[in-house]
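Listed here are the chains, written in short residue letters.
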Amino acid sequence: MSKHVLTVALASVAVLLAGSSCSQKLRPMTADLVKAEPQPLEVVGGKVPVAVHLTFPAKWFPKNAVLTVVPILRYQGGEKWGTGTTFQGEKVYGNDRIVYYTNGSNATVNFSLPYVPAMSKSELYLNFKGQQGGRDVKLPELKVADGVIATEALATLSGVSPVIAPDGFQRIVKEAYDANIMFLIQQSNVRASELNKDEVQEWKYTVQNAKETPNQEVSVEVQAYASPDGGKELNEKLSASREKNTTAKLKSAFKQQKMSDVEIDAHYTAQDWEGFKQLVEQSNFQDKDLVLRVLSMYPDPEQREHEIRNISAVFSKLADEVLPKLRRSRLIANVKIIGKSDAEIQDMLEKYPSALTVEELLYAATLSDDAAQKESIYKLTMQKYPKDYRSYNNVGSLCLQRGDYESAHVWFDRALKLKDNAESKVNLGLLALKDGDLSKATSLIAEGSALPGVGDALGYLYLRQGDYAKAETAYGDVTTNNAAVAQILNHNYSKAVKTLEAIAKPDATTDYLRAIVATRMGDTSLAISSLQKALQKDPSLASRIDYDLEFARLRGMRDFSQLLRLH
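What this report covers is the structure whose coordinates are included nearby. Residues take numbers from 1 onward in each chain, read along the sequence in its written order. Given that the model is predicted, a residue must reach a pLDDT of at least 70 before its local features are reported, and side-chain atom pairs must reach 80 or more before they are shown or counted; all residues, however, enter totals for whole chains, interfaces and linings. Note that the side-chain values use all heavy atoms of the structure and ignore hydrogens as well as water.

### Some words on the overall build of the chain
Our working definition: Helix and strand labels come from DSSP, where a helix needs a run of H or I of at least four residues and a strand needs a run of E of at least two; each type is numbered from the N terminus. Computation of the radius of gyration draws on C-alpha atoms alone. For the globule rule, the value is 2.2 Å times the number of residues to the power 0.38. Each residue gets one of three labels from its accessible area relative to the maximum for its type: buried under 20%, exposed over 50%, partly exposed in between, using a 1.4 Å probe on protein chains only. Two residues form a contact once any of their heavy atoms are found within 4.5 Å. The method behind every accessible area is Shrake-Rupley, applied with a 1.4 Å probe, and residues are considered shielded solely by the protein chains displayed. Residues scored as charged are limited to Lys and Arg (positive) and Asp and Glu (negative), so that His and the chain ends carry no count. Each charge is placed at NZ for Lys, CZ for Arg, CG for Asp and CD for Glu.
Of regular secondary structure, the chain possesses 23 helices and 16 strands. A compact globule built from 567 residues would reach a C-alpha radius of gyration of about 24 Å, whereas the chain, at 40 Å, exceeds it by more than 25%. Its C-alpha atoms put the chain at 140 × 70 × 50 Å along the principal axes. In the chain, which comprises 567 residues, the share counted as buried stands at 44%. Once local pairs closer than 6 in sequence are excluded, the contacts in the chain between residues at least 24 apart make up 63%. Split by element, the accessible area of the chain, about 29,700 Å² in all, is 50% carbon and sulfur. Across the chain, the 69 positively charged side chains and the 70 negatively charged ones have centroids separated by 6 Å.

Structure representation (structure tokens):
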């Protein structure tokens, strides 16, 4: 063979080898090249997230090919298509993910499909759209998963308690009234001018009025003091004498007012260093920081007094403006105002509702378990107190609980027009969750995150966000089906068992959740008995039980099959 012929032959082989990958056809993906996780699929935050791991072996992906992978979740009555992900060979001009022919590659594609209840019985397929050399390549679909675990969906809006705007009713209101009897330096006699001054006269009237009012109780304290100057021994005798003389004068006054049975709890403090410190802190003395530093540095009373006296300019000011205010007996009247009993409120509600205060009316609604009666009381409150937002919010809460969402929205809006309040915002946040507006719901519920009793709404929000750890924390010790769902999904099965056992009125969902926990913990006997109870309360659950993958390990068991046959 001539040199020229050999050269041409070698060149032809090189061209053939170079073009072999381009002439190779794009082939179908097979099950050994694809893995979908998790298996089975599971609802998280109202969506079905899927991670699909693809293996492109060496010399499998043609250099001139394009492959788009699209997930499809098919279920009875419909299907959901996810967003496609495109791969391209190394000779394709484009911006998609490149798969090199010689070495191949591994890739993970993440999809998230919006959940609908029918997906519990479903199949996940991958659809492949191929192109090679500018022409479409028809490729078969590949099934990669069966069914979706939808335990998260067992938490429902109907299981959330809306936030009630609270009443301010107090059975016992405690109030304290003070007055001071002042003394001259180193004296303990109670001067008539002190007893007759307006402050003390008003105080005595308060005691008398509380004593004579049927729904009030009163007790009296006397706390006598001496200023810190003068030495501890002298001040001990002085403050004790001031307390004794003040108590005697009060007893005499109470006797004249026919209140001899009012007991007086009397005490004295030899040196009122605490009162001294407070007055110095409140003063505008130029060197008050120096005095306060002395108080903190020297705990011994005599050394304190000595050091303060050494600050001559300051001490003269203290002697004129602070120390005289400490030479006193403090009179304290502790008054208890006792409100109406539950029986009295209920009786007045029936006979004289207009005589009840707004707080008593709102409290009266809490005494009833009947939703219709509660609503009637709240609407009565609106008539008498039309500018109080709480009754409007609370009627909206009742509407939300019974599933009348349109009316609930109207009432919450009316409450917010009367007053910008956190309770109505949280409740509107729950309605936003119903409508699937997670962003709006998060913003609204955050407005009331510090409210008492908001844990139920927060827990449901976190469940809908797919954050099960936060949901469990938010629920705390709340004992509801929704709280148990959060605990199950956070794998805290022991807490879920306690929650389900503590539910006051267990329903079919309670038993269903108990069956899920038992199955996950390997207690098949308890799982089947719990499912039996659930079916007795709600026979329509039979179809869900049949395809719920939570119970996959029970399938094939005789008791489980018999249970479904009976229903």
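### Quick word on the packing of helix H15 (residues 438-446) against helix H16 (residues 455-465)
The test is simple: For every element, the axis is a line fit to its C-alpha atoms; helices are fit only across the contacting stretch, and the angle between N-to-C directions ranges from 0 to 180 degrees. Here is the rule for angles: anything less than 35 degrees is roughly parallel, anything more than 145 is roughly antiparallel, 65 through 115 is roughly perpendicular, and the remaining ranges are oblique. For any helix crossing, the convention is left-handed if the near helix is rotated counterclockwise from the far helix by under a right angle, and right-handed if that rotation is clockwise.
Between H15 and H16, whose axes approach to 11 Å, the crossing angle comes to 155°. Judged by the inter-axis angle, H15 sits roughly antiparallel to H16. Like other packed secondary-structure pairs, H15 and H16 cross with a definite hand, here left-handed. Listed contacts from H16 to Leu438, Ala441, Thr442 and Ile445 of H15 are Ala457, Leu458, Leu461, Arg464 and Gln465.

### Brief notes about unusual backbone geometry
Most peptide bonds take the trans configuration, and most residues that are not glycine carry a negative phi. For the bond running from glutamate 37 to proline 38, omega is 0°, close enough to zero to count as cis. When you line up the elements, proline 38 lands in the loop between strand S1 (34-37) and strand S2 (41-42). That bond from glutamine 39 to proline 40 is cis: its omega, -5°, falls within 30 degrees of zero. Of note in this structure, lysine 59 is not a glycine but carries a positive phi near 60°. By secondary structure assignment, the location of lysine 59 is in the loop between strand S3 (47-56) and strand S4 (65-75). Take lysine 59: its relative accessible area is 52%, and that puts it in the exposed class. Positioned with a positive phi, glutamine 186 is a non-glycine residue whose angle comes to about 60°. Turning to its location among the elements, glutamine 186 is positioned in the loop between strand S13 (172-182) and helix H2 (192-195).

### Things to note about the pairing of strand S6 (residues 85-89)
Basically, it comes down to this: Pairing between strands requires that DSSP locate at least two bridges from one strand to the other.
Among the five residues that make up S6, five are buried, leaving the element largely enclosed by the rest of the structure. Burial along S6 is two-sided: Thr85, Phe87 and Gly89 and Thr86 and Gln88, pointing in opposite directions, are all buried. Taken together, the four bridges between S4 and S6 define a ladder with antiparallel strand orientation. Bridge assignment links valine 66 to a residue of S6, and that residue is glutamine 88.

### Some remarks on the nonpolar core
We apply this condition: Joining through side-chain atoms within 4.5 Å is the link that ties buried Ala, Val, Leu, Ile, Met, Phe, Trp, Tyr and Cys residues into a set, and such a set is a nonpolar core.
Ranked by size, the top nonpolar core spans 80 residues in total, and within it Leu430, Leu463, Leu531, Ile545 and Phe551 carry the most contacts. It is helix H20 (residues 508-520) that contributes the most residues to this core, seven residues altogether.

### Observations concerning the environment of aspartate 136
Where we set the bar: In protein, a polar contact means a hydrogen-donor-capable atom and an acceptor-capable atom, both N or O and within 3.5 Å, with residues adjacent in sequence counting only if both atoms are side-chain atoms; elsewhere, any N or O pair within 3.5 Å suffices.
Relative to the elements of secondary structure, aspartate 136 occurs in strand S10 (residues 135-138). Spatially, the C-alpha atom of aspartate 136 lies 9.3 Å from that of valine 66, the residues being 70 residues apart in sequence. Leave out the neighbours within four places in its chain, and aspartate 136 touches Gly130 and Gln131. Separated by 3.2 Å, the side chains of aspartate 136 and glutamine 131 make a polar contact.

### A look at the sheet that holds S1
Spatial ordering of the open sheet is given by S1-S3-S8, a layout of three strands whose pairing is antiparallel. The sheet is open, and its two edges are formed by S1 and strand S8 (105-114), each paired on a single side. Strand after strand, the sheet turns through a mean of 20° between neighbouring axes, direction not considered. Sheet analysis places S3 next to S8, joined by 10 bridges and oriented antiparallel. Paired with histidine 53 across the bridge in S8 is threonine 108.

### Regarding the packing of aromatic side chains
The description of an aromatic ring pair uses the distance of the two centres, along with the angle that the planes make with each other. Let me state the cut-off plainly: For Phe, Tyr and Trp, where Trp contributes only its six-membered ring, two rings pair if their centres lie within 6.5 Å, and the inter-plane angle classes them as stacked under 30 degrees, edge-to-face over 60, or tilted in between.
Under the definition given, this model contains eight aromatic pairs. Both rings, one in phenylalanine 56 and one in phenylalanine 61, keep their centres 5.5 Å apart while their planes meet at 85°; by these two values the pair is edge-to-face. The pair phenylalanine 56 / phenylalanine 61 is uniform in exposure class, with both members buried. One aromatic cluster is present, formed by Phe56, Trp60, Phe61 and Phe87 through successive ring pairs.

### Quick notes on the pattern of salt bridges
We apply this condition: Think of a salt bridge as a Lys or Arg side-chain nitrogen and an Asp or Glu carboxyl oxygen that are within 4 Å of each other.
By the definition in use, this model includes 24 salt bridges. With its nearest N and O atoms 3.0 Å apart, the salt bridge here joins glutamate 359 to arginine 390. Of the two residues, glutamate 359 sits in helix H10 (residues 358-366) while arginine 390 sits in helix H12 (residues 389-401), which places them 31 residues apart along the sequence. For glutamate 359, a relative accessible area of 23% puts it in the partly exposed group. We note a salt bridge from glutamate 550 to arginine 520, for which the minimum N-O separation is 2.7 Å.

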